[in-house]
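Chains, contacts and geometry: an overview
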Amino acid sequence: MTAATLFNTRRLIPPPVPAPGKRASYGPVMATTHRLELTDQTLREWDAKVISSGPDGIVLDRSAFYPGGGGQPADLGVLLWQGVQTRIAGVRKGDELYLIPAEGDPLPPAGIPVRGAIEDERRTSLMRTHSGLHVLCGVVFRDYGCLVTGGNMEPGVARMDFNLPEVPPGFKEAVEDACNAEITADRRIDVRTLPRAEAFQIPDIIRTATNLVPPEVEEVRIVDIVGLDTQADGGTHVASTRQIGRLRVAKVENKGRGFRRVRIRIED
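What comes next is a walk through the structure. This is a predicted model, so every value here is computed, not measured.

**Some thoughts on the overall build of the protein**
Secondary structure summary: the protein contains four helices and 15 strands in total. Across the protein, the fraction of contacts at a sequence separation of at least 24, relative to all contacts at a separation of at least 6, is 68%. In the structure as shown, the protein presents an accessible area of about 12300 Å², 52% of it carried by carbon and sulfur atoms.

**Observations regarding the nonpolar core**
Counting 31 residues, the largest nonpolar core has Leu136, Phe162 and Ile264 as its most contacted members. Elements supplying a minimum of two residues to this core: α2 (120-144), β9 (148-154), β10 (157-162), α3 (171-184), β12 (219-225), β14 (246-254) and β15 (260-267). A per-element tally of this core places α2 first, with eight residues. If near-sequence neighbours (up to four positions away) are discounted, Leu136 is found in contact with Met160, Phe162, Val175, Cys179, Val262 and Ile264. Grouped together as the second largest cluster of nonpolar side chains are 19 residues, Ala64, Phe65, Leu97 and Ile118 included.

**Remarks on the pairing of strand β6 (residues 84-93)**
The side chains of a regular strand alternate between both faces of the sheet. Relative to β6, strand β5 (residues 77-81) runs antiparallel, the two sharing five bridges. Pairing of Trp81 across the sheet is with Val84, part of β6. Hairpin connection, β5 to β6: the antiparallel pair is bridged by two residues, and Gln82 has positive phi, about 50 degrees. Pairing between β6 and strand β7 (residues 97-101): five bridges, direction antiparallel. When the bridges of β7 are listed, Val91 appears paired with Leu99.

Conventions and cut-offs
Residues numbered from 1 in each chain as written. Predicted model: local features only at pLDDT ≥ 70, side-chain atom pairs only at ≥ 80, totals over all residues. Heavy atoms only, no water. Helix = DSSP H or I, 4+ residues; strand = E, 2+ residues; numbered from the N terminus. Contact = heavy atoms within 4.5 Å. Areas by Shrake-Rupley, 256 points an atom, 1.4 Å probe, with all protein chains shown as cover. Core = buried A, V, L, I, M, F, W, Y, C linked by side-chain atoms within 4.5 Å. Buried < 20%, exposed > 50% of the residue type's maximum accessible area, 1.4 Å probe, protein only. Pairing = 2+ DSSP bridges.

Any link to function would need more than the numbers given here.
Next up, the structure:
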């Protein structure tokens, strides 16, 4: 059985040659694993080698599993090796990037080649949702001057908190209409990496009330919805706003003095 029969993969490619130089990351760089998803968010299957395997999890030399962060959950998927399947039920960041096997599944031994595959439908939904949150953030910052104070997402649903003292009349409808106008505009979503000093010269590059980029990070990954929103961000995104679908503002909640929570749904 191949990984392609397990998931509806959108792109199957042979293993690329690892990029030379430093590995770009919004947060701490894993000591061993080359993180493929940071530069190729369409990748769903790839070949790798097991570096280590044990109670802490499985470490690969190359992985496209997003480990979670910034409110985006970790990817799920499988590893295939010598006719055996190991389901990946989570990912943990530590001194290495550890893939957590499902309970009872076998561990591939160190040194063995494996085929990794990400659960495509879930990852794609998370990418659409994450990009939808960036559209929301860009619209609220542009139209109301508010910064983000928190956020979280699951496939197709998400929430974002803003330092909005008062909710203007018609806020919910106006934000939804403005977000969908930006989605319909089919704005390109670019990802690039810049040295820290250069990245922080971009106006309003941090859209959160607190700078969440760790001080030890020397290279900052930038996600740019061209003409709307440019932020330091480590998550996965679609290639253009039209791929998000439609954004519905489900609810606006009062979370205390000066704070509002906007809940959204991503629809086809």
